[in-house]
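# Remarks on the overall topology
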Amino acid sequence: MALFGTAPGFWWREAPGFRSRLLALPALAYGTVARRNLERGARVQAPLPVICVGNPTVGGGGKTPTALALGRAALALGRKPGFLSRGHGGQAGAPLLVDPMRHAADLVGDEPLLLADLAPTVVGRDRAAGARLLAEAGCDVAIMDDGFQSARLRFDLALLVVDARRGLGNGRLLPAGPLRAPLGAQIAHADAWLLVGDPEPSGALASRLGRSGLPIHRAATFAPNAAEFQGRRCLAFAGIADPEKFYASLRLAGAEIVATRSFPDHHAFTAENARDLLGEADSLGLDLVTTAKDKTRFRSQDTGPMRGLNRLAKVLQAELHFAESDTGEALVRAALARFAERASA
């Protein structure tokens, strides 16, 4: 039940079920520590405004697309944004400024490579040192992809991202459910919700989030290159927290998915994986299609079967757009204003 592997299905069922109830005591212990961390964490003031993009639950909520959308909004305002990431799946320890032309996912992680294509990105366990490195690199606002529950930095704005399809799952804490910390403790340190995806018909999730008193913003993801997949017969593969979301997006683009291959989140693709995928696609006459995040993990490998996978695997792109076009800029402005108030106090 690894945090970055495949989440158990019972997490995402509304009724907790017996497996969740069996894990009630470990969940209570986990929740006690997580609450204490949020409430008593020694938050360091960064030398630049910090916007934190977090998920109340484990994986698949859309943090990285949201961070990128906020980065584009900051650029539109004439700011110089930079991204902070833990670099899950990578080996970098000390804060490192990512060079997407030189660094590979096994060092810096997959999501930082996507972020670095837009703006300077720092990976590392020490978020405060990472924020200082961004400031030294000339950035004037930091957008933190994940890290909400770590309580290491003082946020000027914290946005909790929720996938409209998955919601909050069974509402239980790890390992009995997908919540990363008690919901009330998370709400106390957040400024707003971002609900990503089509509104659910009953409106129950939006009502539940609304009872927190926090404002709710809405967004959806789109595939800018969807037309490339219209009518194509595909073998779709992904090593992300919610592969079904990717498969649904590919079908929405008009592709016929003949076969799927799902791997654990942040999966490091091997030569054997590449041979299997290439062989199956060739035997069935299918296009290989994956996510941009997945391709970062093998795009720098240019030998053997990995070279073939890198050359043949197409990417269905995904961009997040806010329902109200000025939401991103308004959130960035709010963070800048709060930082200015704090600095003048």
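See the structure above.
Residues numbered from 1 in each chain as written. Predicted model: local features only at pLDDT ≥ 70, side-chain atom pairs only at ≥ 80, totals over all residues. Heavy atoms only, no water.

The next thing to look at is the overall build of the chain. Along the backbone of the chain there are 13 helices and 13 strands. Taken over C-alpha atoms, the radius of gyration comes to 20 Å for the chain, in line with the 20 Å a tight globule of 345 residues would show. Taken along its principal axes, the extent of the C-alpha atoms in the chain is 65 × 50 × 35 Å. Evaluated residue by residue, the chain yields a buried proportion of 52% over its 345 residues. In the chain, the proportion of contacts linking residues at least 24 apart, taken out of those at least 6 apart, comes to 75%. If you sum the accessible surface of the chain, you get close to 15,400 Å²; carbon and sulfur atoms cover 53% of it. (Helix = DSSP H or I, 4+ residues; strand = E, 2+ residues; numbered from the N terminus. Rg over C-alpha atoms; globule rule 2.2 N^0.38 Å. Buried < 20%, exposed > 50% of the residue type's maximum accessible area, 1.4 Å probe, protein only. Contact = heavy atoms within 4.5 Å. Areas by Shrake-Rupley, 256 points an atom, 1.4 Å probe, with all protein chains shown as cover.)

With that out of the way, let us pick up the environment of A340. Note on placement: A340 falls in helix α13 (residues 327-344). Classification of A340 by relative accessible area gives partly exposed; the value is 43%. For the pair A340 and W12, spaced 328 residues apart in sequence, the C-alpha separation works out to 40 Å.

With that out of the way, let us pick up the sheet that holds strand β8 (residues 216-222). The strand order across the open sheet built from nine strands is β3-β4-β2-β5-β1-β6-β7-β8-β13, with neighbouring strands paired in mixed fashion. Looking at which strands have only one partner, the edges of the open sheet turn out to be β3 (96-97) and β13 (319-322). Judged from the three bridges that link them, strand β2 (residues 81-85) and strand β4 (residues 121-123) form a sheet pairing that is parallel. Looking across to β4, one finds that S85 is bridged to V123. Along the sheet face, helix α6 (residues 127-136) touches β2, β3, β4 and β5 (141-145) and points at about 160° away from the line of β2. (Pairing = 2+ DSSP bridges. Axes fitted to C-alpha atoms, helices over the stretch in contact; angles between N-to-C directions.)

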